[in-house]
Amino acid sequence: MLLPFVKRQREFTFPVKDHVELGLALDLFDFEAASEVSGTKFYYLKNEAVLLELALINWTLSQLLSKGFVPLSTPDLVRSTVVEKCGFQPRGQNTQVYSVEGTDLCLAGTAEIPVGGMYMDSMLPEASLPLKLVAFSHCFRTEAGAAGAATRGLYRVHQFSKLEMFVISRPEDSDILHEELISIEEELYTSLGLHYKTLDMSSEDLGAPAYRKFDIEAWMPGLCRYGEISSASNCTDYQSRRLNIRYRPATPAVAAAQQPPKSKKVKTTLPPLQFVHTLNATACAVPRMIIAILENNQQEDGSVVIPDVLRPFMGGLGLIKPKSR
């Protein structure tokens, strides 16, 4: 189901370039050297692109810290058992997961895997919920089967940096928290001046862990289409049952009129443990955000305007200009 669009597509009065053409002209990327060093679908960021990546991470992190999220930096390698418990398939012909040969380790494709694993076999007090976490990580994906013009440049790569929101909640709170995560994503992308649409994904488009998922797609004029920049999923108890993450509800207070005489011993019964719900949502997937910013903010002379909110995180830089030859 398509939800309302935000803002309008920018109308250009000059031929539009895609992010690859813009980035190469501005000396922001090197795909050729990365291909020689690491293979296809890898890249070097250079010059202002490095500043832009760090600005996106630090600005987004500052916004989420102000909303009460706790920051984490996660391991890149995780055990295959944790990957499986989070609902991902680490083996198989079309797996998206890189495995380290001769070990039970895999490269994490998203921070939700090491963050979920961090709370494996935990029993949390109800008073600690919801836990709102934001994790910075490097993400690694094989992108098996991906090919064609839709994967050009930075759009579909094997390695990228990302900030991921992860929430652990009581079951009765997960729906409202899901809405909160989507609202935060939309607030972030509106602040960056992006034109986007929010999609309520059908059940056939959901991965194994997700009970419900919303994707946000930003308009990318150089690619002449919308491209996914984030998703937000409510996994209910799918991951918590496999990871064994539970909480004990608070013991109800006994009314004074019901309290027995002090001389009698009271047998207390603790409420049974319950499985938590887990939710995850993309805050900032760096390559896709760079695509959207470069393509939407390009100028006729080949320069690119930096969004206002990012400028304090880029030393005040407001414009990426073509290099003097």
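Residues numbered from 1 in each chain as written. Predicted model: local features only at pLDDT ≥ 70, side-chain atom pairs only at ≥ 80, totals over all residues. Heavy atoms only, no water.

(A) Broad picture of the overall build of the protein. The secondary structure content of the protein amounts to eight helices and 18 strands. Looking at the protein as a whole, 49% of its 325 residues are labelled buried. (Helix = DSSP H or I, 4+ residues; strand = E, 2+ residues; numbered from the N terminus. Buried < 20%, exposed > 50% of the residue type's maximum accessible area, 1.4 Å probe, protein only.)

(B) Structural detail: the pattern of salt bridges. If you walk through the whole model with that rule in mind, you get 16 salt bridges. A salt bridge links glutamate 180 to lysine 132; the nearest nitrogen and oxygen atoms lie 2.7 Å apart. Pair noted here: glutamate 180 is in helix α6 (residues 174-191) and lysine 132 is in strand β9 (residues 131-140), with a separation of 48 residues, a long-range link. Put simply, glutamate 172 and arginine 170 hold a salt bridge, and the shortest N to O gap is 3.3 Å. Overlapping salt bridges, with partners in common, bring together Glu126, Arg170, Glu172 and Asp173 in one network. (Salt bridge = Lys/Arg side-chain N within 4 Å of Asp/Glu carboxyl O.)

(C) Here's a closer look at the pairing of strand β12 (residues 212-220). Within β12, eight of the nine residues are buried, which leaves it mostly tucked inside the rest of the structure. Sheet analysis places strand β11 (residues 196-200) next to β12, joined by five bridges and oriented antiparallel. Residue lysine 197 lies in a different strand from β12, and its bridge partner there is glutamate 217. The pairing of β12 with strand β13 (residues 225-234) spans nine bridges and is antiparallel. Bridge pairing links aspartate 215 to serine 231 in β13. With antiparallel pairing between neighbouring strands as the criterion, β12 and β13 make up a hairpin whose turn holds four residues, including cysteine 224 at a positive phi of roughly 60°. (Pairing = 2+ DSSP bridges.)

(D) Focus on the layout of surface pockets. By volume, the largest pocket amounts to about 1,100 Å³. Forming the boundary of the largest pocket are 44 residues, of which Phe88, Thr110, Arg141, Glu228 and Ser231 lie nearest the centre. Secondary-structure elements contributing two or more residues to the lining of the largest pocket are α5 (112-118), β10 (159-169), β12, β13, β16 (277-285) and α8 (286-296). Here the lining of the largest pocket takes five residues from β13, the largest share from any one element. Of the residues belonging to the lining of the largest pocket, the class tally is 21 nonpolar, twelve polar and eleven charged. Of the voids in this model, the second largest pocket is the one considered here, and its volume is about 210 Å³. (1 Å grid on protein atoms, 1.4 Å probe; cavity = no way out; pocket = protein on both sides within 12 Å on 5 of 7 lines; lining within 4 Å. Points joined across faces, edges and corners; volume = space filled by probe spheres on them. Nonpolar A, V, L, I, M, F, W, Y, C, P; charged D, E, K, R; others polar.)

(E) Highlighting α6. Counted at 1.5 Å a residue, the expected span for α6 with its 18 residues is 26 Å, and the 26 Å between its end C-alpha atoms agrees. For α6, the complete set of buried residues consists of Ser174, Leu177, His178, Leu181, Ile182, Ile184, Glu185, Leu188 and Tyr189. For α6, the arc enclosing every buried residue in end-on projection is 155°, short of the 170-degree limit, so these residues lie on one face. Exposed and facing more than 90 degrees away from the buried side of α6 are Ile176 and Glu179. Positive phi shows up at glycine 193, right after α6, with a value of about 75°. (Expected span 1.5 Å × (residues − 1). Arc of directions from axis to C-beta.)

(F) View of the sheet that holds strand β15 (residues 274-275). Across the sheet, which stays open at both edges, the three strands sit in the order β8-β14-β15 with mixed pairing between neighbours. Each end of this open sheet is capped by a strand with a single partner; those strands are β8 (123-125) and β15. Bridging between strand β14 (residues 246-248) and β15 involves two bridges; their strand directions are antiparallel. Directly across from arginine 246, in β15, lies its bridge partner phenylalanine 275.

(G) Here's a closer look at the packing of helix α3 (residues 48-65) against α8. In contact at an axis separation of 10 Å, α3 and α8 are set at 115° when each is read in the N-to-C sense. On the basis of the axis angle, α3 is roughly perpendicular to α8. Taken as a pair, α3 and α8 cross one another with a handedness that is right-handed. Residues Ala49, Leu52, Glu53, Leu56 and Ile57 of α3 form the contact with α8, whose participating residues are Val286, Met289, Ile290 and Ile293. Here the residues of the contact of α3 with α8 are counted per class, giving eight nonpolar, no polar and one charged. (Axes fitted to C-alpha atoms, helices over the stretch in contact; angles between N-to-C directions. Parallel < 35°, antiparallel > 145°, perpendicular 65-115°, else oblique. Left-handed = near helix turned anticlockwise from the far one by under 90°. Contact = heavy atoms within 4.5 Å.)

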